[in-house]
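# Reading the structure
Read off the chains here:
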Number of protein chains: 4
Amino acid sequence: MIRVGIVGISGFSGRVLLDILLRHKDVRVTYVAAHATTGRVDAIWPVFANRTSLVCAKYDTAAAIDACDVVFLALPHTESMHVAGPLLAAGKRVIDLSADYRLKNRALYKKWYHADHTDPRNLARAVYGLPEVYRAQIKKAKFIANPGCYPTAALLALAPLVSMYPSAVTSIAIDAKSGVSGAGRKSAEGLMYCFVNENFKAYRVLDHQHAPEIAQYLSRMAGKPMGLMFVPHLLPVDAGILETIYVQLNTKIGAKGLADCYRRFYSTETFVRFLGPGAQPELRHVVRTNFCDIALVGGADNRSVVITSAIDNLVKGASGQAVQNMNIMCGFNETEGLL
Amino acid sequence: MIRVGIVGISGFSGRVLLDILLRHKDVRVTYVAAHATTGRVDAIWPVFANRTSLVCAKYDTAAAIDACDVVFLALPHTESMHVAGPLLAAGKRVIDLSADYRLKNRALYKKWYHADHTDPRNLARAVYGLPEVYRAQIKKAKFIANPGCYPTAALLALAPLVSMYPSAVTSIAIDAKSGVSGAGRKSAEGLMYCFVNENFKAYRVLDHQHAPEIAQYLSRMAGKPMGLMFVPHLLPVDAGILETIYVQLNTKIGAKGLADCYRRFYSTETFVRFLGPGAQPELRHVVRTNFCDIALVGGADNRSVVITSAIDNLVKGASGQAVQNMNIMCGFNETEGLL
Amino acid sequence: MIRVGIVGISGFSGRVLLDILLRHKDVRVTYVAAHATTGRVDAIWPVFANRTSLVCAKYDTAAAIDACDVVFLALPHTESMHVAGPLLAAGKRVIDLSADYRLKNRALYKKWYHADHTDPRNLARAVYGLPEVYRAQIKKAKFIANPGCYPTAALLALAPLVSMYPSAVTSIAIDAKSGVSGAGRKSAEGLMYCFVNENFKAYRVLDHQHAPEIAQYLSRMAGKPMGLMFVPHLLPVDAGILETIYVQLNTKIGAKGLADCYRRFYSTETFVRFLGPGAQPELRHVVRTNFCDIALVGGADNRSVVITSAIDNLVKGASGQAVQNMNIMCGFNETEGLL
Amino acid sequence: MIRVGIVGISGFSGRVLLDILLRHKDVRVTYVAAHATTGRVDAIWPVFANRTSLVCAKYDTAAAIDACDVVFLALPHTESMHVAGPLLAAGKRVIDLSADYRLKNRALYKKWYHADHTDPRNLARAVYGLPEVYRAQIKKAKFIANPGCYPTAALLALAPLVSMYPSAVTSIAIDAKSGVSGAGRKSAEGLMYCFVNENFKAYRVLDHQHAPEIAQYLSRMAGKPMGLMFVPHLLPVDAGILETIYVQLNTKIGAKGLADCYRRFYSTETFVRFLGPGAQPELRHVVRTNFCDIALVGGADNRSVVITSAIDNLVKGASGQAVQNMNIMCGFNETEGLL
């Protein structure tokens, strides 16, 4: 039984983390904090009444070090980089759900997050927590940069293709659709019920901060620079991401061969379900689970393929994957708390 | 004041048609029919109570000919082709909202609609009712094949580009999302509330019957064969289509120049609104209107562009456009009943 | 053709008013203003692009007087009472959509709206704009207090019963459910998509400011004080109010007799549809219309009755009814712009 | 570790049951069946892929007896009464989620369910599985009639009042609102997305089969006949019931005293949360949990009270409560699998 802490309980990821960790048989939640909110957790999130009597403290480094073996940071980007360092220095395992340690290039970080990175040493050490691709490194890690929600769905959808046929891919267009919780808990007019319900729109077209994150890790998998077009959209649902990915190829690769490649790549994975012919991912099959469902349809010309993938942005795209990473790091059953 | 009829009042398009035509100052609805439903229209659609006392008859050719100057066919595909001929032979103007007269190639029609086309003579004569592209022909037409919902949004989004730079386009991927009314009024399990709400999925991936319709008219505009990838999705909203279109170009065409081309192309059109920089179409701005909103964002490499377009599938994508076509054919103000 | 102005275009009621008035054949919108917003109306509400080139001004009394014959005030409560007076003094007709002139008792106004009423003279003169009950007074009025959304649905549902059987009613419980637009255009956390979607709750239980408004006009109809219990709820829909009203009676009044009474009461009304046996109001049948649908089911003991009524809170519950009042005041066809 | 079976996996309750039981540490699901559906469970409900390899059999009594210690019947009413008997005769514990064993009066059963009851012996023996009221009997039971969804929310909301002040209550009106899953998995037009979304309506006004079930158990708690008015409504959400209950009293009972009575009544209950002053139940706080949230607001006259209660219709209103009953019967921790 290890002791875990959650920093950032007032956000959606914090709430989902606590929900998972309260059911996890190998951990005890011993510390819950936030930067601005304090008080009983069930006053912040009434759904926890009669489930926990935890109290949210104002975040304090010494208290966190004292109370926890593992700390989850569910903070906004540019905040985590001020919190992670001292915890790591004290020998704690840290899993950061923010974007602060994902882009390895500091200039790129500054461009997209409008802040200088203040913790370059740990930026270099952070392991990207995508277990289906980087499990070996995660096992040995002390510090995890938990992937972004859009990148999780995109990278799992493209990893087999890009790893096996890095030179065949000539263009990638990712059409991503996300539920509203992906925008976090904030009161912007664009997130009001009357502006989201019965609506649908693209936003930050070819200008979203997750595009460079996807490009960085695709390039790493391919062993060469990979570009892409990325357009996110806002779906009128609470949770869930579905991405439809259009890939052009410079050689004829049959859809059947590609499907075999995907099936092999994910054959031993619990949380990635590569669907059989004719089936398509649906948000309903993955929301509130840690699964990523993937399907693949080949173009008639054998020179194009459409890959679809679906996850819950708050679970496999955030808190569930964070717990999966903890399970791997700590030697627990990888699925504990997640099925 | 001309006399108009609606055949197929029990479907969604029929309902929207009647709603528009009851407000139209130049027409009187003198005939309403369906194949399976009869009785007072406000029993079929209670929303019409106290607005009309029209009664829906079982469809009868002679009665329709007797009662109407213009007939709208809001029937399922493979039914319209048995109804249009006699009306045309009697000198009536006909606007067909089904797919029966859109694909000019009968083999293609059979492949996608699983029926032999029984009315090839009128198939050849039917004018494709996309006013912003084919207004001159519509003006002189007796018989309109009203465009499909997905094709309307796709063709309006691509017409300026494909007309001006037919040789520059190397690939087109259309990611289309439609509200549920696009599937028509039928009780399939996949259309039940509990299977649509909080859900999202692709369907008929690279296998939808609107893809050849789009390809046929794009090719006609370009003056050369145009291919495309087309993936439709089901949005958890009543109405509205948004398409996100990824175009690869073989020459550097600046986004600014392209935007000018679009602005010019649509400068005199009431129902197409080409949005300024930074703005994006939203379903909320077009649903229950006859507008099509379009935006364009160029890739950093100047060799790709993302075009987004939005319409109401039942209005500009069906009944509204049908009335727009009638207005043009009959010499009414083109916007009558539609603003 | 009269000249009309809208003060408060940035709110939902203002938007719906403009939408109706742009289609109204007897008026021209000559003035649009707001307290905090300025600029092109189609920048405030993109839905109006290519429909109007009106520009929203900062509200100015002299300009309004100069430009308009009739002025609609779609302002928050406690603001209208500072604006109406000068317009009335200048001989303009004014229709106030706020709550400022509905409660005739100033102490009650202060209790519920937390402000002293500063315009008691016009408070006394304002005619309550519920046409189906007060048409005669509206015809002669210069100044209309347009009813609240909940009161409209409640009063139309109860008017026949309370007028005919004032002594028979022993208790009234109104269970009201409203779509989110009823809360206005504001960015409170409780109105965020993720806090409303897939949710439902009561609010201000037995403590809502519309309860005294309903009680005041019920009492006036009954000719004696009428009490009631009123509980509003927030529905996860954009628009629409449905009220389920439980009435206990001290004498046996058969449901059939009651139904006859309702049918007679509303027999000449276009906008109230009293439904036949077995039918129930649905939001879908009234949303985006000026109709109020009403049904009545009697208890087995003949001493109780359940009345249900449905309206669109922004149309019959606000802007549509306001236009209906203008039509009556100005001698237009009462349904102009509203069918 | 006991062996449990689910009969009726293709319905919503069956799916939720399996989801809970797969996480339950004291049971193993050894049998899954349905009347019409067969095949892998993850083909019926793709959400279970990679979670279970169970196969759904056509229901067979001998197989069920052989495979299970406890059997859950998640069948439509009038089907369970043919299945329960043989299982009970074989010594199995049975929990019936249908309505077949709830109404003790066979004439009443026939009136509401349009079938003769064929198993009167077990009807007499069945224990009503509302743990917070009947825990002692459940502990000793072999056969549980699991309460209906509406009755669960109504009875928990009224139990303290009716038990403590049976003579004070003069009238009860229950205004109930349910999510769409309450209607079960069937393809009726009224349950289509386009007929439910953005809609709301009452149905079966004063004519719903759960009214006599509520009346029967209220009367039992009160020790005297209790009548009530009951009006259900269809909410545009997947899951959740909220009931707003209007009670008239013949004596002045202060809201504070009543609240104390409720707090005491539920002080040791995990799954009923009596909310503090000012708080109101929300579907979001109970959906996908086994909790029932309850609040109480007293009328100004001290002679009326409004009680609100909320549950998930598929969890506390069906499958969760069924597992809670199993836990009690089998001596497991009452909350196992449910927190």
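Structure's up top.
### A few points about the pattern of salt bridges
Following the criterion strictly, the structure yields 72 salt bridges over all chains and no others. As a salt-bridge pair, Lys316(C) and Glu132(C) come within 3.0 Å of each other at their nearest N and O atoms. On the criterion of sequence distance, the pair formed by Lys316(C) in helix H13 (residues 315-330) and Glu132(C) in helix H7 (residues 131-140) is long-range, its members being 184 residues apart. You can call Glu132(C) buried: its relative accessible area is 8%. Here Glu282(D) makes a salt bridge to Lys201(C), at a shortest N to O gap of 3.7 Å. One end of the pair, Glu282(D), is in the loop between strand S13 (272-274) and helix H12 (283-286); the other, Lys201(C), is in strand S10 (residues 201-202), on a second chain. One continuous salt-bridge network, built from bridges that share partners, spans Asp175(A), Lys177(A), Asp175(B) and Lys177(B).

### Notes on unusual backbone geometry
A positive phi angle, close to 65°, is found at Arg288(C), a residue other than glycine. Tracing the backbone through its elements, the reader meets Arg288(C) in the loop between helix H12 (283-286) and strand S14 (292-298).

### With respect to the interface of chain D and chain B
If you look at the interface, chain D gives 19 residues, while chain B gives 19 residues. Both faces considered, chain D and chain B share a buried interface measuring about 1600 Å² in area, 60% of it formed by carbon and sulfur atoms. When the buried surface of chain D facing chain B is broken down by residue, Met192(D), Tyr193(D) and Cys194(D) rank first, second and third, together holding 40% of it. Measuring nitrogen to oxygen at the nearest pair gives 2.7 Å for the salt bridge that ties Arg185(D) to Glu189(B). Applying the counting criterion to the chain D and chain B interface returns 10 residue pairs in polar contact (both at pLDDT 80 or more). The dominant element in the side of chain D that touches chain B, judged by the number of residues it contributes, is helix H9 (residues 193-196) of chain D, at 4 residues. Residues belonging to the side of chain D that touches chain B are distributed by class as follows: 12 nonpolar, 3 polar and 4 charged.

### Observations concerning the environment of Glu269(B)
Here Glu269(B) lies in the loop between helix H11 (255-265) and strand S13 (272-274). Here Glu269(B) falls in the buried class, since its relative accessible area comes to 9%. Distance from Glu269(B) to Phe291(B), taken between C-alpha atoms, is 10.0 Å for residues 22 residues apart in sequence. Once you skip the residues sitting within four places of it in the chain, Glu269(B) turns out to touch Glu132(B), Arg135(B) and Asn50(C). At 2.7 Å, the side chain of Glu269(B) and the side chain of Arg135(B) are in polar contact.

### Section: the packing of aromatic side chains
For the structure shown, the criterion picks out 52 aromatic pairs over all chains. Note on Phe12(D) and Trp45(D): the rings are 6.1 Å apart at their centroids and 40° apart in plane angle, and the pair reads as tilted. Here Phe12(D), found in helix H1 (residues 12-23), pairs with Trp45(D), found in the loop between helix H2 (41-44) and strand S4 (55-58); they are 33 residues apart in sequence, far enough to count as distant. Its relative accessible area of 7% is what places Phe12(D) among the buried residues. Connected via pairs of aromatic rings, a cluster forms that spans Phe12(A), Trp45(A) and Phe195(C). Above the face of the Trp45(C) ring, Arg185(C) is positioned so that its terminal group lies 4.4 Å from the ring centre.

### Some thoughts on the sheet that holds strand S5 (residues 70-73) of chain D
All names here are of chain D. The mixed open sheet is built from 8 strands, whose spatial order is S3-S4-S2-S1-S5-S6-S8-S7. Strands with a single pairing partner mark the edges of an open sheet, and in this sheet they are strand S3 (39-40) and strand S7 (127-128). Lying over the sheet, helix H13 (residues 315-330) contacts strand S1 (2-7), strand S2 (27-34), S5, strand S6 (93-96) and strand S8 (143-145), oriented at roughly 155° with respect to S6.

### A short note on the relation of the copies chain D and chain B
Rotating chain D by 180° and moving it 0.0 Å along the rotation axis overlays it on chain B with an RMSD of 0.0 Å. Here the symmetry operator amounts to a two-fold rotation axis. Taken as a fraction of all interface residues of chain D, those also at the interface in chain B reach 100%, which identifies the copy contact as same-surface.

### A word on helix H7 (residues 131-140) of chain A
Residue and element names in this part refer to chain A. Buried within H7 we find Pro131, Glu132, Tyr134 and Ile138. End-on, the buried residues of H7 take up no more than an arc of 125°, which puts them together on one face. Seen from the buried face of H7, the exposed residues on the opposite side, beyond 90 degrees, are Ala136 and Lys140.

About the cut-offs
- Residues numbered from 1 in each chain as written.
- Chains lettered and ligands numbered in written order.
- Predicted model: local features only at pLDDT ≥ 70, side-chain atom pairs only at ≥ 80, totals over all residues.
- Heavy atoms only, no water.
- Salt bridge = Lys/Arg side-chain N within 4 Å of Asp/Glu carboxyl O.
- Helix = DSSP H or I, 4+ residues; strand = E, 2+ residues; numbered from the N terminus.
- Buried < 20%, exposed > 50% of the residue type's maximum accessible area, 1.4 Å probe, protein only.
- Contact = heavy atoms within 4.5 Å.
- Buried area = accessible area lost by both parts, 1.4 Å probe.
- Polar contact = N/O pair within 3.5 Å; in protein donor to acceptor, adjacent residues only side chain to side chain.
- Nonpolar A, V, L, I, M, F, W, Y, C, P; charged D, E, K, R; others polar.
- Phe/Tyr/Trp six-rings, centres within 6.5 Å; stacked < 30°, edge-to-face > 60°.
- Lys NZ or Arg CZ within 6 Å of the ring centre and 35° of its normal.
- Pairing = 2+ DSSP bridges.
- Axes fitted to C-alpha atoms, helices over the stretch in contact; angles between N-to-C directions.
- Least-squares fit on C-alpha atoms with pLDDT ≥ 70 in both.
- Arc of directions from axis to C-beta.

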